[in-house]
There are 2 protein chains.
Amino acid sequence: MSTSLNSPYHHGNLRQALLEAALIILEKEGEAGLGLRDLARAVGVSAAAPYRHFDSRAALLEALAVTGFQRFSAAMEAVASSNPADPMAAMGKTYVLFALSNANLFRLMFSPQLKKDGRPGLRMAADAAFDTLRHVVGGDMKTGRIKALAAWAKVHGLSILLLDGQIALRAGEDTEALIAEIIGSL
Amino acid sequence: MSTSLNSPYHHGNLRQALLEAALIILEKEGEAGLGLRDLARAVGVSAAAPYRHFDSRAALLEALAVTGFQRFSAAMEAVASSNPADPMAAMGKTYVLFALSNANLFRLMFSPQLKKDGRPGLRMAADAAFDTLRHVVGGDMKTGRIKALAAWAKVHGLSILLLDGQIALRAGEDTEALIAEIIGSL
DNA sequence: GAGGGATGTTGACATTGTTTACATGAGGGG
DNA sequence: CCCCTCATGTAAACAATGTCAACATCCCTC
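Bear in mind the structure is a predicted one, so any value in this text is a computation, not a measurement. (Residues numbered from 1 in each chain as written. Chains lettered and ligands numbered in written order. Predicted model: local features only at pLDDT ≥ 70, side-chain atom pairs only at ≥ 80, totals over all residues. Heavy atoms only, no water.)

Enquirer: Give a detailed account of the overall build of chain A, specifying residues and quantitative values.
Expert: Counting its secondary structure elements, chain A contains 8 helices and 0 strands. Ordered by position from N to C terminus, the α and β elements of chain A give α-α-α-α-α-α-α-α. Across the 186 residues of chain A, 48% fall into the buried class. Contacts in chain A between residues at least 24 apart in sequence constitute 69% of all its contacts with a sequence separation of at least 6. When the accessible surface of chain A is split by element, carbon and sulfur atoms take 55% of a total near 9,800 Å². (Helix = DSSP H or I, 4+ residues; strand = E, 2+ residues; numbered from the N terminus. Buried < 20%, exposed > 50% of the residue type's maximum accessible area, 1.4 Å probe, protein only. Contact = heavy atoms within 4.5 Å. Areas by Shrake-Rupley, 256 points an atom, 1.4 Å probe, with all protein chains shown as cover.)

In structure tokens form, the structure reads like this:
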């Protein structure tokens, strides 16, 4: 009953395949469009198979969000370790660009649906990501804590407003330039 | 206009009753917990009745979000017309406090599920709300546009980070004081 | 090579949003 | 006053979804 010679009963690495396919569907269709059955079909597996690797749809989403935070962390560390002239500005730009180029993943990371109280894994991933952020931003969290929080808020808010198309670009205006300007305006 | 004691076949003003009950459920259970059937039952009406007033669940949510933006606008205008010493700071504080005291409604207003491209009503309500914001913030949108956008981003981001419990309060620290500090840090 | 646990399948169930056909009743024109 | 009409509500059904239980298949170890 194999549809092809190369379709073994056991997939081999289903968990990873599910996550990868889910990421693609997520970016294309949004979180609401990511159904377990569609996902299973996309990977060529039955509808119940994902439950061998994820307790529930929410757990699958949580895993996606966790990898999102890891990628986010990686991007932040990468730009920080490149020793830019203005670290804060460079990281802010990276922050916003990450949000824009991973729109639905970014939204998922901060989705209220995954109330973090019930999902320690997600909370930990988020905290880890922001810890690296804090660490790079500076040990001056004691004296400059408020300024750091303000910068964080500004960058995060800018990401979301841009994501929602709330900030209108002017004719011939470049998104990246606008980001730089806003971040630069302290 | 008399709503009789015995339950009449026709509810009287179902649309309004649905919206009010929905708001309560939304704040208590979150958007995911707001099911059409539960809502109908809460109002004492059959499961299909809401469809006489809303095309779909999404339309119901849209209507909720629209009233959210209207309340938001009202709060903004109220504080602006009170002629505070520092209008920007006062409005920023109101912005964040509105988000905190209407958590799930605020989240719904900016929910990606209601992609605004397909919902002109919501887009219009949002634009109207932010127009009053822009109007009050100043006609200096020509010269100070970047600064205004930066302030908006900061306040919006602060709202969301606080909403998600992402910003940790220190021992004995007051939320409202922290908000004021962050907003004040230009 | 025989079992056992991990992994995948099939079929079913409850729930949800939604639709279709029907019931009710308020209000206006004859 | 009756009747007709239309807005509004109900009941019953449908498709789709997340999820689970029972069964099948295969890899690994003793």
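Enquirer: Run through the relation of the copies chain B and chain A, naming residues and quoting values.
Expert: Two chain copies, one operation linking them: a rotation about an axis together with a shift along it. With an RMSD of 0.0 Å, the fit of chain B onto chain A corresponds to turning through 180 degrees and sliding 0.0 Å along the axis. Overall, the copies show the geometry of a two-fold rotation axis. A shared binding surface is used by both copies, with 97% of the interface residues of chain B retained as interface residues in chain A. (Least-squares fit on C-alpha atoms with pLDDT ≥ 70 in both.)

Enquirer: Summarise the side chain of Arg 145 of chain A; cite the residues concerned and give the values.
Expert: The topology assignment puts Arg 145 of chain A in helix 7 (residues 145-163). Under the relative-accessibility criterion, Arg 145 of chain A is labelled buried at 9%.

Enquirer: Quick one: what's the story with the packing of helix 3 (residues 57-80) of chain A against helix 6 (residues 120-137) of chain A, residue by residue and with numbers?
Expert: Residues and elements named next belong to chain A. Relative orientation of the contacting elements helix 3 and helix 6 amounts to 10 degrees, with a least axis distance of 9 Å. On the basis of their axis angle, the class for helix 3 and helix 6 is roughly parallel. On the side of helix 3, the interface is formed by Glu 62, Ala 65, Val 66, Phe 69, Phe 72, Ser 73, Met 76, Glu 77 and Ala 80, while helix 6 contributes Gly 121, Leu 122, Ala 125, Ala 126, Ala 128, Ala 129, Phe 130, Thr 132, Leu 133 and Val 136. Here the residues of the contact of helix 3 with helix 6 are counted per class, giving 14 nonpolar, 3 polar and 2 charged. (Axes fitted to C-alpha atoms, helices over the stretch in contact; angles between N-to-C directions. Parallel < 35°, antiparallel > 145°, perpendicular 65-115°, else oblique. Nonpolar A, V, L, I, M, F, W, Y, C, P; charged D, E, K, R; others polar.)

Enquirer: Could you give an account of the nonpolar core, naming the residues involved and the relevant values?
Expert: The biggest cluster of nonpolar side chains holds 124 residues, and the ones touching the most others in it are Leu 39, Leu 64 and Tyr 95 of chain A together with Leu 39, Leu 64 and Tyr 95 of chain B. Residues within four places of Leu 64 of chain A in sequence aside, it is in contact with Leu 19, Ala 22, Leu 23, Leu 26, Leu 34, Leu 105 and Leu 108 of chain A. (Core = buried A, V, L, I, M, F, W, Y, C linked by side-chain atoms within 4.5 Å.)

Enquirer: Would you mind going over the pattern of salt bridges in detail, with residue names and values included?
Expert: Tallying each qualifying case throughout the model produces 16 salt bridges over all chains. Between Glu 31 of chain A and Arg 57 of chain A there is a salt bridge whose closest N-O contact spans 2.5 Å. With Glu 31 of chain A in the loop between helix 1 (14-29) and helix 2 (36-43) and Arg 57 of chain A in helix 3, this residue pair connects regions lying 26 residues apart in the sequence. Relative accessible area serves as the criterion here: at 16%, Glu 31 of chain A is assigned to the buried category. Judged by relative accessible area, Arg 57 of chain A falls into the partly exposed class, the value being 28%. Residues Arg 145 of chain B and Glu 173 of chain A are paired through a salt bridge, measuring 3.0 Å at the closest nitrogen-oxygen approach. One end of the pair, Arg 145 of chain B, is in helix 7 (residues 145-163); the other, Glu 173 of chain A, is in the loop between helix 7 and helix 8 (175-184), on a second chain. (Salt bridge = Lys/Arg side-chain N within 4 Å of Asp/Glu carboxyl O.)

Enquirer: If you had to explain the packing of aromatic side chains to someone new, which residues and values would you point to?
Expert: Taken as a whole, this structure holds 18 aromatic pairs over all chains when the rule is applied. Consider the rings of Phe 130 of chain B and Trp 152 of chain B, whose centres lie 4.6 Å apart with planes at 50 degrees: the pair is tilted. Taken together, the residues Phe 130 of chain B in helix 6 (residues 120-137) and Trp 152 of chain B in helix 7 connect sequence positions 22 residues apart. Exposure class is identical for Phe 130 of chain B and Trp 152 of chain B. Each is buried. By way of ring pairs, the aromatic residues Phe 69, Phe 72, Tyr 95, Phe 98, Phe 106, Phe 110, Phe 130 and Trp 152 of chain A are connected into one cluster. (Phe/Tyr/Trp six-rings, centres within 6.5 Å; stacked < 30°, edge-to-face > 60°.)

Enquirer: Residue-level account of the packing of helix 4 (residues 87-101) of chain B against helix 6 of chain B, with values.
Expert: Residues and elements named next belong to chain B. Put simply, helix 4 and helix 6 touch, their axes get as near as 10 Å, and they point 155 degrees apart. Considering the angle they form, helix 4 stands roughly antiparallel to helix 6. Read as a crossing pair, helix 4 and helix 6 show a hand that is left-handed. In this structure, helix 4 uses Met 88, Met 91 and Tyr 95 to contact helix 6, whose residues at the interface are Phe 130, Leu 133, Val 136 and Val 137. (Left-handed = near helix turned anticlockwise from the far one by under 90°.)

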